[in-house]
Each structure stands twice: as structure tokens, then as C-alpha cells.
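# Structural characterization, general
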Amino acid sequence: MSTLTRRHFVAALAAAPLTAKARSAEPRMLTFSHLHTGERLEVEYFSSGSYLPDALGAVNRVLRDFRTGDVGTIDPALLDLLHALRLQTRSERPFEIISGYRSPATNRMLHERSNGVATKSLHMSGQAIDIRLADVPLASLRNAALSLGRGGVGFYPGSNFVHVDTGRVRAW
């Protein structure tokens, strides 16, 4: 390696944390289409290195428990996971929402109907969401989520959705 090449290499390594930090401060936007309520939301939820409280409130409202109307607090890390999924898949379409926040009452009712619903579902803490993207095959969405290694990924092809959450890394 020549001296000039080494210098460029060392300079690039030194600049990498700054570049990563600059990217992390870039604005983050998401678009949602809730399949049960018909609501749509396009929102910039992160800008200038900070989460935007009004935008987070709008996200909480659109991802509320559509059965009860209860509004929970969605984990910003879940939004970042969705943002990363959008970048990974290069989707141009809104996230189609099947289920966002779930109240304990809704989760209990769903658990009684199906053994596939966890009693301590991360939906109840705003850390899970069931989604699909109209322009991304379901298996590709699952694979993209798995490649991120950021939490749980459930694949439900029979119900046409992928579950992602910010819990421990696991797949089913």
C-alpha cells in the first residue's frame, strides 16, 4: 500500500464515526396506511438529531388499538426499525398496518382466540407492529427484517403480514 493510499485509508477510518453520526441526524420519514381504520399518515418523526414530539403523537394516534381506541406510546426504536426496513427494501409505498399498539384487553381477547398471540405481547408496550408493503413480496420483507438483526421477526404468509418488534432477536 503506498503512503498516499494509506493516508486516504486512515483518513477514511477517522471520518467514519463522523459520517455515521451525520447520517443518524438525517431526517427520518414514514408513511402509514392503517388497513382497519382507513387512516393514512405521512410523517417526519426525526429531524436535526431529535425525535419530534408532535410527530410521535401523530404516530401514536394512527397506530392506536383500533378495537378500543386506546392510544399507547410507540417505541421510537420501532419507528427506526421501520425506517431501516424502508431503506433496505427500497419501498415506495406506505407501510400497511394490520396491528400496532394493543391494549391489554384486546391482547387478552386475541390470546383467547388464538394460541399464536403472546400473553405478554410487545404490541402492548408499543414495541411491535404487524405490517406489509404493497411493492415488496412478503418473504422479501421478512428477509429484510431478519437481515437487520434488530428484534423479533414473525412470518405469517397465511395472514399476509410480517411481525417486527424491538425485543430480543428471534424469528418464527
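For the structure, see preceding data.
Residues numbered from 1 in each chain as written. Predicted model: local features only at pLDDT ≥ 70, side-chain atom pairs only at ≥ 80, totals over all residues. Heavy atoms only, no water.

Right, let's talk about the pattern of salt bridges for a bit. Oppositely charged side chains may form a pair once their charged atoms are brought near each other. Evaluated as defined, the whole model comprises 5 salt bridges. Note that Glu-39 and Arg-64 form a salt bridge whose closest N and O atoms lie 2.9 Å from each other. Separated by 25 residues along the polypeptide, Glu-39 in the loop between strand E1 (28–34) and strand E2 (40–47) and Arg-64 in the loop between helix H2 (53–62) and helix H3 (76–89) bring together distant segments of the chain. Given the relative accessible area of 22%, Arg-64 is considered partly exposed. We note a salt bridge from Arg-170 to Asp-165, for which the minimum N-O separation is 2.8 Å. Judged by its relative accessible area of 23%, Arg-170 is partly exposed. You can call Asp-165 buried: its relative accessible area is 1%. (Salt bridge = Lys/Arg side-chain N within 4 Å of Asp/Glu carboxyl O. Helix = DSSP H or I, 4+ residues; strand = E, 2+ residues; numbered from the N terminus. Buried < 20%, exposed > 50% of the residue type's maximum accessible area, 1.4 Å probe, protein only.)

As enumerated under the stated definition, the model contains 3 aromatic pairs in all. On the basis of an interplanar angle of 70° and a centroid distance of 5.0 Å, the ring pair of Phe-46 and Tyr-51 is categorised as edge-to-face. For Tyr-51, a relative accessible area of 30% corresponds to the partly exposed category. Put simply, the rings of Tyr-45, Phe-46 and Tyr-51 pair up and form one aromatic cluster. (Phe/Tyr/Trp six-rings, centres within 6.5 Å; stacked < 30°, edge-to-face > 60°.)

All right, on to the pairing of strand E4 (residues 95–99) then. With 5 of its 5 residues buried, E4 lies for the most part within the structure. As paired strands, E1 and E4 are joined by 3 bridges and run parallel to one another. Directly across from Phe-32, in E4, lies its bridge partner Phe-95. As paired strands, E4 and strand E5 (residues 128–133) are joined by 4 bridges and run antiparallel to one another. Bridge pairing links Glu-96 to Arg-132 in E5. (Pairing = 2+ DSSP bridges.)

Turning to the layout of surface pockets, a few remarks are in order. Roughly 410 Å³ of internal volume is contained in the largest pocket. Lining the largest pocket are 22 residues, and of these Arg-102, Gly-116, Val-117, His-123 and Asp-130 lie nearest its centre. Those elements that provide at least two residues to the lining of the largest pocket are E4 and strand E7 (161–165). It is E7 that contributes the most residues to the lining of the largest pocket, 3 residues altogether. Among the residues forming the lining of the largest pocket, the class breakdown is 9 nonpolar, 7 polar and 6 charged. (1 Å grid on protein atoms, 1.4 Å probe; cavity = no way out; pocket = protein on both sides within 12 Å on 5 of 7 lines; lining within 4 Å. Points joined across faces, edges and corners; volume = space filled by probe spheres on them. Nonpolar A, V, L, I, M, F, W, Y, C, P; charged D, E, K, R; others polar.)

Turning our attention to the sheet that holds E4. Backbone-to-backbone hydrogen bonds join strands into a sheet, with any given pair of strands oriented parallel or antiparallel. In spatial order, the strands read E3-E2-E1-E4-E5-E7-E6-E8; together these 8 strands make up an open sheet with mixed pairing. For this open sheet the edge positions go to strand E3 (50–51) and strand E8 (170–171), each flanked by a neighbour on one side alone. Of the strands in this sheet, E1, E2 and E3 touch H2, which is tilted by about 145° from E2. On the sheet, H3 packs against E1, E2, E3, E4, E5 and E7 and is oriented at approximately 90° with respect to E1. (Contact = heavy atoms within 4.5 Å. Axes fitted to C-alpha atoms, helices over the stretch in contact; angles between N-to-C directions.)

What follows covers the pairing of E5. Most of E5 sits inside the fold, with 5 of its 6 residues counted as buried. Pairing geometry for E5 and E7, over 4 bridges, is antiparallel. In the sheet register, Asp-130 faces E7, and the bridge partner there is His-163.

Don't take any of this as a statement about function, it's just geometry.
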